[in-house]
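The chain contents come next:
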Amino acid sequence: MTGFSPQPTEMGDQRAEALRAGLSDVRERVARACDAAGRDPAEVTVIVVTKFFPASDVRRLAALGVRDMGENRDQEASAKFADVKADTAGLRLHFIGQIQTNKAASVASYADVVHTVDRLKLVTALDRGAAAADRRLRVLVQVDLDPARPAATLGAVATAAASAGPARGGADPADVGGLVAAVQASAALDLLGVMAVAPLGVDPGPAFGRLADVSRAVRAVVPDATWISAGMSGDLEVAIRHGATHLRVGTAILGSRPTLR
Ligand SMILES: *Cc1c(COP(=O)(O)O)cnc(C)c1O
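Predicted model, so just to flag it, every value in this text is computed and none were measured. (Residues numbered from 1 in each chain as written. Predicted model: local features only at pLDDT ≥ 70, side-chain atom pairs only at ≥ 80, totals over all residues. Heavy atoms only, no water.)

Caption draft 1: Expanded view of unusual backbone geometry. Even without being glycine, Phe 52 reaches a positive phi, approximately 75°. Structurally, Phe 52 is set in the loop between strand 1 (45–49) and helix 2 (55–63). Using a relative accessible area of 21% as the deciding quantity, one classes Phe 52 as partly exposed. With phi around 55°, Asp 134 is a residue other than glycine that occupies positive phi space. Mapped onto the fold, Asp 134 is located in the loop between helix 5 (120–132) and strand 5 (137–142). (Helix = DSSP H or I, 4+ residues; strand = E, 2+ residues; numbered from the N terminus. Buried < 20%, exposed > 50% of the residue type's maximum accessible area, 1.4 Å probe, protein only.)

Caption draft 2: Quick peek at the site of the ligand. Taken together, Val 49, Lys 51, Ile 96, Met 195, Val 197, Met 232, Ser 233, Arg 248, Val 249, Gly 250, Thr 251 and Arg 257 make up all the residues around the ligand. Between an oxygen atom of the ligand and a main-chain N or O atom of Gly 250, the distance comes to 2.8 Å. The separation between an oxygen atom of the ligand and a polar side-chain atom of Thr 251 is 2.5 Å. Within the complex, the protein chains bury 88% of what would otherwise be the 390 Å² of accessible surface of the ligand. For the shell around the ligand, a count of residues per class yields six nonpolar, three polar and three charged. (Near = heavy atom within 4 Å. Polar contact = N/O pair within 3.5 Å; in protein donor to acceptor, adjacent residues only side chain to side chain. Areas by Shrake-Rupley, 256 points an atom, 1.4 Å probe, with all protein chains shown as cover. Nonpolar A, V, L, I, M, F, W, Y, C, P; charged D, E, K, R; others polar.)

Caption draft 3: Inspection of the nonpolar core at higher detail. Formed by 68 residues in total, the largest nonpolar core has its most connected members in Val 114 and Leu 247. Ranked by residues supplied to this core, first place goes to helix 1 (residues 14–37) with six residues. Every residue in contact with Leu 247, bar those within four places of it in the chain, is listed here: Val 30, Val 44, Thr 45, Val 46, Ile 47, Ala 230, Gly 231, Leu 236, Ala 239 and Ile 240. One finds Val 113, Leu 140, Leu 192 and Trp 227 within the second-largest nonpolar core, a separate group that totals six residues. (Core = buried A, V, L, I, M, F, W, Y, C linked by side-chain atoms within 4.5 Å. Contact = heavy atoms within 4.5 Å.)

Caption draft 4: Focus on the pattern of salt bridges. Evaluation of the coordinates by the stated rule reveals 16 salt bridges. Ionic pairing is found between Arg 59 and Asp 87, a salt bridge with its closest N-O pair at 3.1 Å. You can see Arg 59 sitting in helix 2 and its partner Asp 87 sitting in helix 3 (residues 74–87), a full 28 residues away along the chain. Through salt bridges with shared partners, one network takes in Asp 13, Arg 15, Asp 57 and Arg 60. (Salt bridge = Lys/Arg side-chain N within 4 Å of Asp/Glu carboxyl O.)

Caption draft 5: Region of interest: the environment of Gln 98. Structurally, the position occupied by Gln 98 is in the loop between strand 3 (92–95) and helix 4 (104–110). With a relative accessible area of 33%, Gln 98 lands in the partly exposed category. Here the alpha-carbon distance between Gln 98 and Val 117, two residues 19 residues apart in the chain, equals 8.3 Å. One polar contact links Gln 98 to Asp 118, side chain to side chain, over a distance of 3.2 Å.

Here it is as structure tokens:
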């Protein structure tokens, strides 16, 4: 029996097959949605969101040709990607979660793109962190598309009520111009565009339409800031219809996330 039994790697890796099937389904959905929208699928990048899933899945995805991966927590992302990034050429780590100011320097030291810049303090902290790590950092301004967001003029009571809700993050559209100017004035940050998560429980179409409007206004100031990061497993077709250039897809490729980590 020596020499003839197949090695484990030749026996097929069911997880790799599942990931391959998930990727293929999502690419098919993207192709169909682009077709319906009269867009070229080459304009749309799928970022595979690997949060909650182990480094072994990141390696499998890399072996399947995926180069853009997304994570939302500093500790998890830095631990998971340290090895994989070192031995996978061209891997890009997209940070898509809310960033506490005291975690900004850490994120700036390893992320390739930060999608969630939503306040001036964070611009300053990321800029400082990137400079300290002697690297440039590409960023997007996250926009809050929630139609229920209370106007700033409603004051402290409304603000307190809003902050009790789920922390999806994002800047008020009225504050995006100031954030863009701050990124432009920074030493180490480059602006790629805008990002948003559709509000829960409402039709994502109008929300993504508002994001397209914000993107247009940003591009009038920074023509190279062409990225629109929008669309997840459940709403990627709608996002494509409204001009998304980067989708952030987890569940549809990796399956349901474990509830604990
Ligand atoms: C988790 C996450 C995603 C992926 O969501 P799925 O529904 O699993 O595709 C996308 N964007 C952000 C900001 C996320 O946190």
